[in-house]
Amino acid sequence: MIRHSHGDGFVMSRTVPGFRRQPGNQDVYPPWRFCHNCGTALFQRPALEHLFSMASYLYRLGHFCFRRRRWVLALWVGLLIATGALAAGLDGKTNDEFTMPGTESQEASDLLEARFASESGSSTQVVFAVKDGALDDPAQAEIINSTIAAMGEVEGVTMAIPPAITGAISEDGRVGLGFVQYPEAAMEVADATSDAVAEAAESARSQGLQVEFGGDVVPGQETEPPSSEAIGLIVAVIVLLVSFGSVLAMGLPIVTALLGLGIGMSGIAILSAYVDLSSTAPTLAVMIGLAVGIDYALFVVTRHRQNMATGLSVEESAARANATAGGAVVFAGLTVVIAIASLAVIGIPFLTVMGLAAAATVLVAVAVAITLLPALLGFVGTNIDRFSVPGIKNQTGGADESATLGARWAEKVTRRPAISLAGGLLVMALLAIPVLSMRMGFPDAGSESPASTQRKAYDLVSDAFGPGFNSTLLLTVDLKDAEDPEAALATIAERVEGVPHVLDVADPRLNDAEDLALLSITPDGGPAAPETEDLVHDLRGEVRTELEEATGTELLVAGTTAATIDISDKTAAALVPFMALVIGLTVVLLMAVFRSLVVPIKAAIAILVSIGSSFGVIVSVFNWGWGAELVGLDQTIPIVSFLPMMMFAILFGLSMDYEVFILSRIHEEYHRTKNAKRSVLVGLATSARVITAAALIMISVFAAFALGDSPIIKMFGIGLATAVFLDATVVRMVIVPAVMTLFGDKAWTLPGWLDKILPNLDVEGAGLVEELEAKDRAADLAKSGDTAEPSLAD
């Protein structure tokens, strides 16, 4: 009963008579009562909280999906078929041509498109090479000219220029450069056009000439075979078999992850038909979607089996697993989505789209875990442990955890927390040292697979003409206000030739109106060389100021190399504000979840530690070359400029997964016993096994992608695998329990003013579980002859 102020004091309210019973023996009890005297509706506080809590919704959703499992399964399968069919019909394609609003290279590109259309399209670099003889031999020259002529006749090609006209022939006469020009941007060049250009080269190859392609459009570019996903799946199956000891239990996370991934990838394919999407985006989405899809299902299935081990019915067990572990899944998934979606504030379109594509696959994985998984648990029923694996004992279904390796490890860490913390931080600090020498940039064709045509073209050009021929800069000269355009161009060319690291300046090319000129500048270094970046900054600094004042022109530095440098500069400038935004969000969310000041600050520091150490490993492999040959690299390359930001956004959410799972166990035990040290021991012992399994799955999926051809995907694979490994071992198993033990009871305190303004986010449904358990106890009392008032259950 509750009391209600009614002028003359408190009046006891009465209960609404009757409540209905639904299948599954779940009582639906109204969360309101009425005053005896005035009839005012009075809300019960506990019931009202659960009515609007995420756990309550997930609990009811679990029951609904369990009972309507056939409809739920049909809906998801139908969605998979529909999105797959639509994606196949639209036939979208990816594009690695980036736009960078607000950068100088983009401004120059827009200027060329408006006033120099013939130079604003895209091109293919055609590299001809012979082992013996020279390209100007009559027989070889005839083959080259006929090949270029055939390329020029392809529909969609503006013009094709042979090496004899470009003048780009090596001193020994064995390598020459031709060009194929297209009127539109690279992403708009039709596949049929690109394929026809590639086919035109086959005749020359059959007659002994080597023909390779580079540039904006690479005809005949081979796609990477889908082997990485298979490797990650195989390891995930093994880990799940060892964790569950049951083939049927293992299959549930695999099936749900693959179905969610199929829908996510179909959605990305549909998106690529309407927006610019880099070739890295789908692979990154597969990597993240597969890992979180399996892990999220792992958490829910593990909790379901633990619930069943306590004697709950299959339906009630599935619903409670959805309300508890499912709540953690929703929280972790949404943090990933929010963090990656925050990339939109940076203002880099290709990075925003890449992030949203990855976020969409995570959203699908979350939706599958909280709807399809309860339905599949309904189909499986009590057979969840069928088809057990010989020799593997199930330890995730409610078995005693006191004698596990996790319990013994927790005892050692909490016995000497200061030493454990110092040791963990020392390991992470040593791994992070290489970050101090991180060299960021953009991998060029020289970092591609040696078997690819663009890598062969890059190597031929670099060996024959020098690395600068692969990093040509374009200097646009606006002549509208120049008094003597011809003299101005001569002054500019002479001054630019004297700038350090400039190898050559070609004769200017003028537009039809002769008010805009384009000068090609050949540096002495490759696209990713530090001296090339210095040259771009020098041309945009004092050199430009001096020339604009002297000639009355306006100068802009453009070209692919300049654009990649702009990307690096813009992402580097946005990294610190972005990290501050994400960390601030982390602190606020965790304060609301755990009602603690120490926990969120510790979590923010832990994320920075994990990121710093994983970046250190990436630098040692890609910048320093340590173990580079093990991942298929034959030279050092710069760290792709947007990788730190993307990795930070992704790992923010992934680390929240483990943070919530472990600390909710510790918090639950502390709430029950008020013993800080024991709560750490119990929390770590009961969650260590499933955290280890989840981490192994993520590590295997991420690491498998390091075996692919793309250097950018290699970086993401190694970086994410390393970060998850360090986060799940050193951070979660050493640093976190050590810090929580050192702070003791103070770890679970929150200033009163903060406690009043922060919402109470019961992520794992502790309040709901407590009320459901109270209802179970009341039902037991009722069976024994006592009476008990029912409470909210559905």
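Look up: the structure comes first, before these words.
Throughout this description, residue numbers start from 1 for each chain and increase along the sequence as written. Only residues with pLDDT of at least 70 are given local features in this predicted model, and only at 80 or more are side-chain atom pairs given and counted; all residues enter the totals for whole chains, interfaces and linings. Side-chain measures were taken over the full set of non-hydrogen atoms in the model, leaving aside hydrogen atoms and water.

## Considerations on the overall build of the chain
Let me state the cut-off plainly: Secondary structure elements follow DSSP: runs of H or I of four or more residues count as helices, runs of E of two or more count as strands, with numbering from the N terminus. Burial classes follow relative accessibility: with a 1.4 Å probe on protein chains only, a residue under 20% of its type's maximum area counts as buried, one over 50% as exposed, and anything between as partly exposed. Any two residues whose heavy atoms approach within 4.5 Å at even a single point are treated as in contact. In these tables, accessible area is a Shrake-Rupley quantity obtained with a 1.4 Å probe, and a residue counts as shielded only by the protein chains included in the view.
Of regular secondary structure, the chain possesses 26 helices and 17 strands. Per-residue burial over the chain gives 54% buried out of 794 residues. Restricting to contacts in the chain with at least 6 residues of sequence separation, those with at least 24 account for 77%. Only carbon and sulfur atoms are counted for the fraction: they give 59% of the accessible area of the chain, which is about 33500 Å².

## Topic: unusual backbone geometry
Keep in mind that most residues, glycine aside, have a negative phi and that most peptide bonds are trans. The phi angle at His 501 is positive, at roughly 75°, despite the residue not being glycine. Within the secondary structure layout, His 501 lies in the loop between α17 (485-497) and β13 (502-505). Judged by relative accessible area, which is 30%, His 501 ranks as partly exposed.

## A look at a nonpolar patch on the surface
To keep it simple, the criterion reads: Patches in this entry comprise residues that are over 30% relatively accessible and not in a salt bridge; like charges within 9 Å are linked, as are nonpolar side chains (Val, Leu, Ile, Met, Phe, Trp, Tyr) within 5 Å. Criterion for a salt bridge: a side-chain nitrogen of Lys or Arg within 4 Å of a carboxyl oxygen of Asp or Glu.
Nonpolar side chains collect at one region of the surface, where Leu 426, Leu 430, Ile 433 and Leu 436 lie side by side and expose about 460 Å² of accessible area between them. Mapped onto the fold, Leu 426 is located in helix α15 (residues 417-432). Judged by relative accessible area, which is 51%, Leu 426 ranks as exposed.

## With respect to the sheet that holds strand β8 (residues 159-161)
Heads up, the rule is: The criterion for strand pairing is that DSSP finds at least two bridges linking the strands in question. Helix axes are fitted to C-alpha atoms over the stretch in contact, other axes to C-alpha atoms as well, and angles between N-to-C directions run from 0 to 180 degrees.
In space, the four strands of this open sheet follow the order β8-β9-β7-β10, with antiparallel pairing throughout. Of all the strands in the sheet, just β8 and β10 (210-215) have a single pairing partner and so form its edges. Adjacent strand axes in the sheet meet at a mean angle of 20°, parallel and antiparallel pairs treated alike.

## Observations concerning the pairing of strand β12 (residues 473-478)
Among the six residues of β12, five are classified as buried, and the element is accordingly described as predominantly covered. Here β12 pairs with strand β16 (residues 554-558) via five bridges, running antiparallel. Each bridged residue has a counterpart across the sheet, and for Thr 476 the counterpart in β16 is Leu 556.

## A word on helix α18 (residues 530-539)
Because an α-helix packs 3.6 residues into every turn, residues spaced three or four apart end up facing the same way. To keep things clear, this is the line we draw: The arc in question is the one spanned by the directions pointing from the helix axis to the C-beta atoms.
Among the residues of α18, those classed as buried are Thr 532, Leu 535, Val 536 and Leu 539. Around the axis of α18, the buried residues are gathered within 100° of arc, so they sit on the same side.

## A closer look at the pattern of salt bridges
Under the criterion given, the structure shown has 12 salt bridges. Here Arg 67 and Glu 315 are joined by a salt bridge, their closest N and O atoms 2.6 Å apart. One end of the pair, Arg 67, is in helix α2 (residues 54-67); the other, Glu 315, is in helix α12 (residues 314-341), and 248 residues separate them in sequence. Using a relative accessible area of 26% as the deciding quantity, one classes Arg 67 as partly exposed. For Glu 315, a relative accessible area of 13% puts it in the buried group.

## Some points on empty space enclosed by the protein
Under the convention used in this document: The pocket and cavity definitions rest on a 1 Å grid over protein atoms only: a 1.4 Å probe that fits but cannot leave marks a cavity, an open set with protein on both sides within 12 Å along at least five of seven lines marks a pocket, and residues lining either have an atom within 4 Å of a point. Grid points are joined across faces, edges and corners, and a volume is the space filled by probe spheres set on the points. Charged means Asp, Glu, Lys or Arg here, nonpolar means Ala, Val, Leu, Ile, Met, Phe, Trp, Tyr, Cys or Pro, and polar covers whatever is left, Gly included.
One pass over the full model with this rule turns up five cavities of 30 Å³ or more. Each pocket or cavity is described by its volume, and for the largest cavity that value is around 80 Å³. Lining the largest cavity are Ile 607, Ser 610, Ile 611, Leu 651, Phe 652, Leu 654, Ser 655, Tyr 658, Ala 723, Val 724 and Asp 727. Among the secondary structure elements, those contributing two or more residues to the lining of the largest cavity are α21 (598-623), α22 (643-673) and α24 (711-743). Broken down by element, the lining of the largest cavity gets its largest block of residues, five residues, from α22. Of the pockets and cavities examined, the second largest cavity occupies roughly 50 Å³. As for the second largest cavity, its lining consists of Thr 256, Ala 257, Gly 260, Leu 261, Gly 264, Gly 289, Gly 293, Thr 361, Val 364 and Ala 365. Listed by contribution, the elements that provide at least two residues to the lining of the second largest cavity are α10 (247-272), α11 (280-309) and α13 (349-380). The element contributing the most residues to the lining of the second largest cavity is α10, with five residues. Grouping the constituent residues of the lining of the second largest cavity by class yields four nonpolar, six polar and no charged.

## Observations regarding the packing of α21 against α24
As a reminder, the rule being used: In this scheme the handedness of a crossing depends on how the near helix is turned from the far one: anticlockwise by less than a right angle means left-handed, clockwise means right-handed.
Between α21 and α24, the least distance of the axes is 8 Å, while the angle of their chain directions is 145°. Viewed along their axes, α21 and α24 form a crossing whose handedness is right-handed.

## A word on the side chain of Ser 679
Cut-off, in case you're wondering: N or O atoms within 3.5 Å of each other form a polar contact, as long as, within protein, one can give a hydrogen and the other can take it, and as long as residues adjacent in sequence are counted only when both atoms are side-chain atoms.
Mapped onto the secondary structure, Ser 679 falls in helix α23 (residues 676-704). At a separation of 2.6 Å, a polar atom in the side chain of Ser 679 contacts the main-chain carbonyl oxygen of Ala 676. In this view, Ser 679 contacts Ile 666, Glu 669 and Tyr 670; residues no more than four positions away in its chain are not counted.

## Regarding the packing of aromatic side chains
Here is the rule we go by: Note on ring pairs: Phe, Tyr and Trp rings are taken, using the six-membered ring of Trp, and paired if centres are within 6.5 Å. Classes follow the plane angle, with under 30 degrees stacked, over 60 edge-to-face and the rest tilted. Here, over-ring charges are defined by two tests on the NZ atom of lysine or the CZ atom of arginine: distance to the ring centre within 6 Å, and angle to the ring normal within 35 degrees.
The full count for this structure, using the stated rule, is five aromatic pairs. We note Arg 69 situated over the ring of Phe 66; from NZ or CZ to the ring centre the distance is 5.1 Å. Just above the ring of Phe 379 sits the side chain of Arg 69; from NZ or CZ to the centre is 5.9 Å.

## Remarks on the environment of Val 180
Following the sequence through the fold, Val 180 ends up in strand β9 (residues 175-182). The buried category is assigned to Val 180, whose relative accessible area is 0%. In sequence terms Val 180 and Gly 215 are 35 residues apart; their C-alpha atoms lie 9.6 Å from each other.

## A short note on the pairing of β9
Of all eight residues in β9, seven are buried; the element is thus mostly enclosed. Relative to β9, strand β7 (residues 122-129) runs antiparallel, the two being bridged by eight bridges. Directly across from Gln 125, in β9, lies its bridge partner Phe 179. Relative to β9, β8 runs antiparallel, the two sharing three bridges.

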